[in-house]
Amino acid sequence: SHKLAPYPIYYGVSFDEFIVRSQKSLSEVRELVAHYLDQRNYIISVGCGRYRRRPQEQEQQRKQQPQKQRYSVIVALSSKATPIDQAKAYFHALLLDQEMKKDTMDLKTVSTTSMENVIAKAENMALTNLESSWDTFSQSLQKSGWDLSKTELRSK
């Protein structure tokens with residue numbers, strides 16, 4: 001059996017941190033902002049690296065893992081995000097994490113170019129899964145007594 005690589009979820013990051021972590025081009029970030037913030041009050045992506053590490057920690061990390069990229073799911077929330085938006089964003093992050101795990105069972109065989117394709121595919125599949133399952137999921141939670149309008153998720 002394969003050991004799955006963990007994809008930490010950085011939830012509620014600043015917009016600046018989102019841009020740094022996502023490593024997307026300006027046009028890609030604009031597209032994400034236009035697509036997500038207009039409809040969902042959050043933006044989500046797979047990113048890599050760490051943010052704001054102390055110089056000595058960065059150097060130590062480079063020595064330990066010189067070639068390895070650490071991927072993560074990153075979510076930035078709009079100031080207009082409601083508790084329901086926040087719950088949906090976290091659910092979306094979990095779906096994206098699952099899709100990344102499916103497609104990266106053996107990271108040693110994934111090149112940088114194919115990793116970009118894996119990320120794009122995972123992001124598209126997670127969005128498709130969100131659109132097809134959010135209503136059912138949220139209704140199930142409500143039937144079980146959860147009030148999503150009062151959900152408070154901690155960021156970072």
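Scroll up to find the structure.
No experiment lies behind these values; they were computed from the predicted model shown.

Rules behind the numbers
- Residues numbered from 1 in each chain as written.
- Predicted model: local features only at pLDDT ≥ 70, side-chain atom pairs only at ≥ 80, totals over all residues.
- Heavy atoms only, no water.
- Buried < 20%, exposed > 50% of the residue type's maximum accessible area, 1.4 Å probe, protein only.
- Helix = DSSP H or I, 4+ residues; strand = E, 2+ residues; numbered from the N terminus.
- Arc of directions from axis to C-beta.
- Contact = heavy atoms within 4.5 Å.
- Pairing = 2+ DSSP bridges.
- Axes fitted to C-alpha atoms, helices over the stretch in contact; angles between N-to-C directions.

Visitor: Help me understand helix H1 (residues 15-22), please; the structure alone is not making it clear to me.
Guide: Think of an α-helix as turning once every 3.6 residues; residues three or four places apart then point the same way. Looking only at H1, the buried set comprises Glu17, Phe18, Arg21 and Ser22. Burial along H1 is one-sided: seen end-on, the buried residues are contained in an arc of 120°. The secondary structure elements touched by the buried residues of H1 are strand S1 (9-11), helix H2 (26-39), strand S2 (42-48) and strand S3 (71-77). Downstream of H1 by one or two residues, Gln23 has phi in the positive range, about 55°.

Visitor: What exactly am I supposed to notice about the sheet that holds S1 here?
Guide: Sheet strands pair via backbone hydrogen bonds, and the direction of the pair is either parallel or antiparallel. Here three strands make up an open sheet; going across it, the order is S1-S3-S2 and the pairing mixed. A strand with exactly one partner marks an edge of an open sheet, and here the two such strands are S1 and S2. The mean inter-strand angle of the sheet, taken between neighbouring strand axes irrespective of direction, is 20°. Relative to S3, S1 is paired through three bridges, and the arrangement is parallel. Residue pairing for S3: Tyr11 is matched across the bridge by Val75. The sheet strands contacting helix H4 (residues 83-103) are S1, S2 and S3, and the helix crosses S2 at an angle near 30°.

Visitor: Help me out: how do you make sense of unusual backbone geometry in this one?
Guide: Leaving glycine aside, a negative phi is the common case for residues, and trans is the common case for peptide bonds. Within the chain, Gln23 stands out as a residue other than glycine whose phi angle is a positive 55°. Mapped onto the elements, Gln23 comes out in the loop between H1 and H2. Residue class for Gln23 comes out exposed when judged on its relative accessible area of 53%. Its identity is not glycine, yet Asn41 carries a phi of approximately 65°, on the positive side. Following the sequence through the fold, Asn41 ends up in the loop between H2 and S2.

By themselves, these observations are geometric and do not establish any function.
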